[in-house]
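Next come the chains, spelled out residue by residue.
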Amino acid sequence: MILLEIKALSVTFPTATGAVQAVRSVDLQIEKGAIHGLIGESGCGKTMTGMALLGLLPKGAQVAAEVFRFDGMDLATQAAYLRGKRIALISQDPAAALNPVLTIGRQMDDVLRTHRTQPKAARQAVAVELLAATGLADPVELLNRYPHQLSGGMQQRVVIAQALATGADFLIADEPTTALDVTVGAQVLALLRKLVSERGLTVLMITHDMDVVAAVCDRATVLYAGLSVEEGPARAIMGRPHHPFSAALLAALPDAVPRGHKLAAIEGRIPSPTQAITGCAFAPRCPSCLPVCPDTPPPVRGNSDHRWACHLDKGAR
Amino acid sequence: MDLARYILRRAILSAFVVVGVTFLVFVVAQVVPSDPAALYAGPRPTAEQIEKARVTLNLDAPMPERFVRFAVSMASGDFGVSYKSRRLISQDLGVYLPATLELAIFSTLLALLIGIPAGVAAAARRGSWTDRLGSLGSILAVAMPTFFFAMLLQMVFASWLGLLPLSGRLSREISVSDPLTFVTGFNLIDALIAGRPQVFLDALWHLILPALTLAAYPAGIAMRLTRSAMIEILSRRHITAARAMGLSERRILYGHALRNAVGPALTMIGLSFAFALTGSVLVEIIFAWPGLGRYVSESILSKDFPVIAACTLVVTVCYVLMNLVIDLTQAMVDPRVALT
Amino acid sequence: MSGLVRRLGFGGAAGLALILIFALLAMLAPWLAPYPGQGLGDPNVIAKLKPPSTEFWLGTDHLGRDVLSRVIFGTRVSMSAGLLIVASSLLVGLPVGVLAGYFGGWVDEVLMRVTDIFLAFPALLLAVLLAAALGPGLLNSIVAVSVTWWPWYARMARSEVLVLRGQPYVEAALLMGVSHPRILIRHILPGAARPLLVQAALDFGPALLTASALSFLGLGVLPPTADWGKLVDEGRKFFPDRWWVSTAPGLAIFLLALAFSVLGDALRDAEGGKRDDPA
C-alpha cells in the first residue's frame, strides 16, 4: 500500500529579485512500512520537501503539486491537521531541537498531552516506556534532566521518543545522524530500523550520505537542484546507479575509491534556485553530457520500480 | 558543583562592589563639599560653632579612619542626623522607604504587565498593526522625560477629567482625621490589615498616576526587549520541532518560547525596579508622595548631604542585592548560565 | 535627499531633519527668537503668565518672559549639555576601556572592578549626589552626569579591543617589535572608536533626558539662563492652570530625545542590514 504519493511538487518563494525555486519538481512514492531515502547535496530541496509535508514552510512559500497525497488525504489542505498526529519530524541537530530550559520529562509530556487525554501519571508511564523503547537507560531519572546534560546520541533518542509520543506512523528524519559521531549515528540508524519493523512505521530519511541509504533504506529518491532525477530500490541505486549524478554521488564516497587515488569530487556547482532550467539540470557538471542535454528536458526511463530522467539510453557508466 | 561556585563568586563580587560604593559615597559626601562643618553648624554659624561641628563630625581625623567610621556607622544603620531637621535619618528612612518601595514595586508590576504582553503580541504577529502600534508606543515612552510625563498625566487625568487624585498618598479625610496605623508602611497592606477596604481603594487610587509615570519608560524598554527576544527564540529549531510534534501555537508561545525569555524578563524586572527607585526623585515631588525620592529632592535645596548620601547608599545597596538575587535566580532557571 | 530617505527610512530622515532644525534654532537663537532679551532672562513683569496669543505665541512665564524665546535660547544650553556629557564620557571611557582590554591582567582587573562600582549605582542618584556636592551650575551638572556615564563606554571599548587584539595584524606588529603606544594609536584606537561613536550618537537622547532631570531638580544651569529642564521646573508652580509655561519646554525635550532615538534605530538598522532568508 502506498502511504505517501507526491507528483511534481514545487516550492517557490517569490522575492523582489525573482522567484526562488527551492523545490522544482519532486516525485515520491513511499510504501507503508518502508524506509525511503531522499538523497542529494545541500541546497537541493531535501529539507524543503520535508517541511512541505509538515506544512511548516517559511512564510511566503508557494506550494504546488499534481499529486500531494498522504493515506488518501490531500496534504495541501490537511498538512497542519496531520502534523504531529500522523506525521512527525526527527530533526537534524538534536541539541537544537530540544528546548534548553525545559526538562526532558516536561518536553515529553507536552507532546503526550497534546495528543492524548490521559491523566498525568499515565502519561508519565507512557513517557518512561517510550524513552526505554529508544534504548535509553534509566528513563525515570532522565525525566528530570535538562537536554544539555545528555550526550548527542541520547538527545537524538529523546527526540525519537518524542516523535513516537505523537503517535505518528510516518516519520520524517532530517539528517538524523549528521550531528553525531559515526558510531553513535550507526546506533541511531539501527534503532530506527528496529522501531520501523516493531511498530510498523514508515520513514522518509533525508540525507546527503549514501552510506546512510546503504545502511537502512529500502528505496531511495535522488534529488538534484530541486528535481527528482532517480528513484528505485536502494540496493539497485547503490549497485548500479543509472543517473550520472547518482553515479557521481556514489563515486564521491571515500571507500569507493582505492587507496592512493584522488577522491572523485563533483566538479562545478549546483545551479542557483533563481536560475531557470531549460534542459537537464545536471548537464553543466555531467561527465557524459550530450549535445541535446543543455536544451532539452531529459526523458524518464526505466520501469515503475526503478526510473531515472536522462538522455543517455543506457544510463550512466 | 558549578552552581555553588557561581553563587560564591557572584556573592564575593557583590560584597566588593558594596564596599566600593560606600567608599564612593563617602568621598562625594564628605570630601568633595567645601566645608561640611559649616553646613552642619547651621545658618550663619560662629567660628566656635564650626569648630564644635568639626569635632562632632570627626573631620580632623585621618582619611582612612574617617572612612572606616563612616562605613561602620552606615552598616549599623546609623546614618547620622539631617543638617536641616536635626532628626535621625534612620528614623525618617523608616517612614519614607516603605512609601517609595510601595510605589516602585507597583510601578514595576505595571511596567511588566504592559511591556511583556505587548512584546509577545508584537513578536507573534510581526509586521501587523499590533506590532507597529506597540513599537510606536515604546519609542514614545522611552523618549518622554519622566518629570514632564508626570505633569501631563496630572493635567489630563486629575485636572481635566477629574478621574484620579492630583497628588498625595491618601485622601486628606483619611490621612488627617482617621489615619492608618503604621504596620508595614505599605498603605495597601496596612489598609488590609486594618480591615478597611475603603482606605485600600483610596490608596490604590492615589498610586495609579505616579506608578504609571514610572512605568512608562521601563514598559517601553520591556516591550522592545521581549519583542526581539521572542522573535529570536521563535526562529529557533526547537520551536519548529515543537510545531512538527503538533503542539498548539498557544502552548508553543507561552509554554516553550516564553520560558526561554525568562532571562530577559528577569533583567527587565531589575531594570524597571531601578528606574522606579531613581525616578522617584523626580516623580515624588510632583505627586507630593512622601517617600525617599521627595526626601532626597528636598534635601538638595538645603544641601543636606547626610540625607542624600544615606539615601543614595541605601538605594544602591538594595539595587546591588537585587541584581545578585536576579543573577542567582537566572542561574537556577537556566542551568547553562552558571557554566559560562 | 531621496537617497538619504531610502537609507534611513522615513522615520530616520524625519528624526535627522528635526535634529537639524533644533541645531539651527540653537545657533540662530538671537535672530530667530521674537524677544531675544527675554530669551536670555530679562524680566517683563507687565505681561506675567499671559496665555498664548499672537503677541506671545507660546504665552509668557511668571516674570512675563516670552516662553517661545526662552525655549529657543534653552535649546543652546540643553543641546550643548547633552553633547558635552557624551563627549566627556567618551573621552574618559574610551582610554580606560582600551587600556584595560589591551594590557589585560591586573590592569584590566583593577580598571574593570572600578567601573563595576560605578555601574552598581542607579545613575541618576549618583549624579544627584555628586551635583549636590559640587554645587549647582551647568558645568557641575555635566561633570556629575559624565561620572555616571563613562563606565558604559569603558566596558564597550574593552570588549571591542579584546576582539581587535586577537587580529593577526596586531600580533604581527607586536612580534616585529612595534612599541605599545604606537600599536595602540595606530591599530587599536581607530578600530575601537568607530562603534563607540555610533553608540555615543545613540546616547544623546538619554543624556539630554538626564541633564534635563538634574536641571529640573535645581542642580543645573543657574538663573537667569535656563535650559528646558529648568523651564519645566519654573512652570511647575503654575501647573496645570497655566499649562503653557511648562508644556513647550517639556515637549521640546521629548521631541529632541525622540528624534535621536528614531535616528539611532534607523542607523542601527542601516548598519546591521536586514537578514531574512528562507532555508
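Residues numbered from 1 in each chain as written. Chains lettered and ligands numbered in written order. Predicted model: local features only at pLDDT ≥ 70, side-chain atom pairs only at ≥ 80, totals over all residues.

Draft legend 1. Quick peek at the interface of chain B and chain C. At the junction of the two partners, chain B supplies 41 residues and chain C supplies 36 residues. At the level of elements, α1 (2–31), α6 (129–143), α7 (146–160), α13 (262–286), α14 (292–301) and α15 (305–333) of chain B are the ones that each hand at least two residues to the side of chain B that touches chain C. By residue class, the composition of the side of chain B that touches chain C is 32 nonpolar, eight polar and one charged. (Contact = placed C-beta atoms within 7 Å. Helix = DSSP H or I, 4+ residues; strand = E, 2+ residues; numbered from the N terminus. Nonpolar A, V, L, I, M, F, W, Y, C, P; charged D, E, K, R; others polar.)

Draft legend 2. Quick peek at the nonpolar core. The biggest cluster of nonpolar side chains holds 273 residues, and the ones touching the most others in it are V128 and L129 of chain C. The leading source of residues in this core is helix α10 (residues 197–234) of chain B, at 18 residues. Formed jointly, this core draws a minimum of three residues from each of two domains, domain 1 (1–84 + 302–340) and domain 2 (89–301) of chain B. When sequence neighbours within four positions are dropped, the list of residues in contact with V128 of chain C reads V281, V296, I300 and I308 of chain B together with L214, L217 and L219 of chain C. (Core = buried A, V, L, I, M, F, W, Y, C linked by C-beta atoms within 7 Å. Buried ≥ 20, exposed ≤ 12 C-beta atoms within 10 Å, placed from the backbone. Domains from an automatic or database assignment.)

Draft legend 3. Representation of the environment of V333 of chain B. Residue and element names in this part refer to chain B. Along the chain, V333 turns up in helix α15. Given 14 C-beta atoms within 10 Å, V333 falls into the partly exposed group. Taking C-alpha positions, V333 is 7.8 Å from V262, a pair spaced 71 residues apart along the chain.

Draft legend 4. A look at the packing of α1 of chain B against helix α6 (residues 123–134) of chain C. Relative orientation of the contacting elements α1 of chain B and α6 of chain C amounts to 25°, with a least axis distance of 9 Å. The orientation of α1 of chain B with respect to α6 of chain C, classified from their angle, is roughly parallel. The hand of the α1 of chain B/α6 of chain C crossing is left-handed. Contact with α1 of chain B, carried on its side by V25, V28 and A29 of chain B, involves L129, L130 and A133 of chain C of α6 of chain C and no other residues of that element. Broken down by class, the residue content of the contact of α1 of chain B with α6 of chain C amounts to six nonpolar, no polar and no charged. (Axes fitted to C-alpha atoms, helices over the stretch in contact; angles between N-to-C directions. Parallel < 35°, antiparallel > 145°, perpendicular 65-115°, else oblique. Left-handed = near helix turned anticlockwise from the far one by under 90°.)

Draft legend 5. Representation of the packing of helix α5 (residues 89–124) of chain B against α6 of chain B within the structure. Residues and elements named next belong to chain B. Relative orientation of the contacting elements α5 and α6 amounts to 140°, with a least axis distance of 8 Å. With respect to α6, the axis of α5 lies oblique. α6 is crossed by α5, and the crossing has left-handed handedness. Here α5 contributes A118, A121 and A122 to the contact with α6, which in turn contributes T130, D131, G134 and S135.

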